[in-house]
Amino acid sequence: MKQRIFGWITTLIGIVFALAVLEVTAIAWLYVEDGRYTPAAELFERTQNTYVRDATKGTSCRYVDTLFPHPYVGFVHHANPPCGQPWVNNVGLFGPDYPTVKPTDRYVVLLTGGSVASQLGQNGKPPAPRYLEEELNKKYVSPNGKPFLVLNGGDGAWKEPQPFILFSLYASSVDAVAVLGGFNEHYFFWPGAEERLERPLSNFIDVNPFVADENFGDAAIGWVMGRIAGSLALNPILGRSHAAYMVVRGIEQAAKGKDIFKSSKKTTLNSIFHMPNDIRTNIPKAFEVQLGLFQKYWRATEAVARDNNVKSAFFLQPAPAIGKVLTEEEKRVVGDLGYRDIYARMTAGMMTLRERGLPIYNLADVFADQKGTIYADHIHVVRSEDGESLGNRILAARIGELLAETWGLQKKP
């Protein structure tokens, strides 16, 4: 009996020693990568999109639990317990309710786009600052002399044509539309760029899937890994383990090397939006087709705006790979910046719409003079617990200047 107990104790000591060696090795490896010791909790946070993470912060809910199906734009959010967000409005987005008839006591601007637009419009609960609305009301006089009301028309993972569809639904209810996009759309181009044909463009073209992350293809992986990382981070033991983080990261990298969308079904998202092989395998032609699709939706938005006597303006959002010298903290969280050239080429192609009369602006250099940390992850800016954000204040100020120039807004004395 003593021998058996001794054997159990020896085995247990061996397991503990092996785990300790793994943990120390993981800490050392990550120390070399980061150039400093990084707590496991911070590392787990890096695996989660900050927009998705913040939506369920302090709860046991998942991001997908906050979503609600929508017949035209795929998904919005809900205010239903237990995982709903009480500040969700009548159309499933954030902020004030959308009007059915254009109000006469406000000048209504619809801000559309993805998660960056949603944060700029403010997706947090009151009294979080409404950056663009505050900027416009502080510095400018609206065309009808009434206070500005900025409706939040953005959401996580949204890309064209979702913003176009939303605007089309409410074009008769607003005075103006401001579109902020580009980063989510660049995934349409990215798989076909350079030698990256291992991931088919058909996964990305014109697609608006019901997912809870920032792009199709890696979106499902990112969402699943975010859930795993979030669960581990809450565990009092594994949430402090660097080795556990390394396992999660290894699984994610392995998963991204696989085509997880293969299916024997006849009708799938890939089949519905399949790009013909003669285009997909011809990189210049694929880029031309994708650019044409992106341009189509912004041209269509401008046409609907003109038909409804609504002012319009379009903004290509900044991205970490362009226009800013990143801090060491930003370098640790922004991820792969290999999209730099393709994003620059895409935005240059979109800027040619100015020749067709579209009021379009490239905000790539909006953070160029900022020496401190602006980005919190691959695209979102840092926000404090109370919602204050230097990045969003800078964006709002620049967009306000350009809207004043484009729409002829008078400055307040």
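This report concerns the structure included in the present document. Here the structure is a predicted model, which means the values were calculated and not measured.

**Quick look at the pairing of strand β1 (residues 67–70)**
(1) Moving on: With four bridges connecting them, β1 and strand β2 (residues 74–77) associate as antiparallel partners. From the neighbouring strand, histidine 70 faces β2, where its bridge partner is glycine 74.
(2) Moving on: In this antiparallel pair of consecutive strands, β1 and β2, the connection spans three residues.

**Overview of the state of the cysteines**
(1) Moving on: On inspection of all chains with the given rule, the structure shows one disulfide.
(2) Moving on: A sulfur-sulfur separation of 2.0 Å characterises the disulfide bridge that pairs cysteine 61 with cysteine 83. Measuring handedness by torsion sign, the sulfur bridge of cysteine 61 and cysteine 83 sits at about -85° and is left-handed. Here the residue cysteine 61 occupies a position in the loop between α3 (50–55) and β1, and cysteine 83 occupies one in the loop between β2 and β3 (107–113), the gap between them amounting to 22 residues.
(3) Moving on: Look at cysteine 83 and you get buried, because its relative accessible area is 15%.

**Quick notes on the sheet that holds strand β5 (residues 148–154)**
(1) Moving on: Read across the open sheet, the five strands follow the order β5-β3-β6-β7-β8; overall the sheet is parallel. The open sheet terminates on both sides in strands that have one partner only, identified here as β5 and β8 (360–362). Across this sheet, the average inter-strand angle for adjacent strands is 20°, counted without regard to direction.
(2) Moving on: Contacts between helix α6 (residues 162–170) and the sheet are confined to β3, β5 and β6 (176–181), with β3 contributing the most and set at about 155° to the helix.
(3) Moving on: Packed on one face of the sheet, helix α11 (residues 283–307) meets β6, β7 (311–316) and β8 and runs near 160° to β7.

**Describing the packing of α11 against helix α13 (residues 340–351)**
(1) Moving on: Put simply, α11 and α13 touch, their axes get as near as 10 Å, and they point 50° apart. Classified by the interaxial angle, the pair formed by α11 and α13 is oblique. Crossing handedness for the pair α11 and α13: right-handed. Every residue of α13 that contacts α11 at Phe287, Leu291, Phe294, Gln295 and Trp298 is listed here: Ile342, Arg345, Met346, Gly349 and Met350.
(2) Moving on: Residue composition of the contact of α11 with α13, grouped by class: seven nonpolar, two polar and one charged.

Rules and cut-offs
Counting starts from 1 at the beginning of each chain's written sequence and moves along it residue by residue. Per-residue local features of the predicted model are confined to residues with pLDDT of at least 70, and side-chain atom pairs are confined, for both listing and counting, to 80 or more; whole-chain, interface and lining totals are unaffected and use all residues. Note that the side-chain values use all heavy atoms of the structure and ignore hydrogens as well as water. In short, DSSP must find at least two bridges between two strands for them to pair. Comment: elements are numbered from the N terminus, with helices defined as DSSP H or I runs of at least four residues and strands as E runs of at least two. Only a pair of cysteine sulfur atoms within 2.5 Å qualifies as a disulfide here. Burial classes follow relative accessibility: with a 1.4 Å probe on protein chains only, a residue under 20% of its type's maximum area counts as buried, one over 50% as exposed, and anything between as partly exposed. Note on geometry: axes are C-alpha line fits, over the in-contact stretch for helices, and angles between N-to-C directions span 0 to 180 degrees. Contact between two residues is taken to exist if any of their heavy atoms lie within 4.5 Å; hydrogens are not considered. Here is the rule for angles: anything less than 35 degrees is roughly parallel, anything more than 145 is roughly antiparallel, 65 through 115 is roughly perpendicular, and the remaining ranges are oblique. Whether a crossing is left-handed or right-handed is set by the direction in which the near helix is turned from the far one by less than a right angle, anticlockwise for left-handed and clockwise for right-handed. The nonpolar class holds Ala, Val, Leu, Ile, Met, Phe, Trp, Tyr, Cys and Pro. Asp, Glu, Lys and Arg form the charged class, and all remaining residues, Gly among them, are polar.

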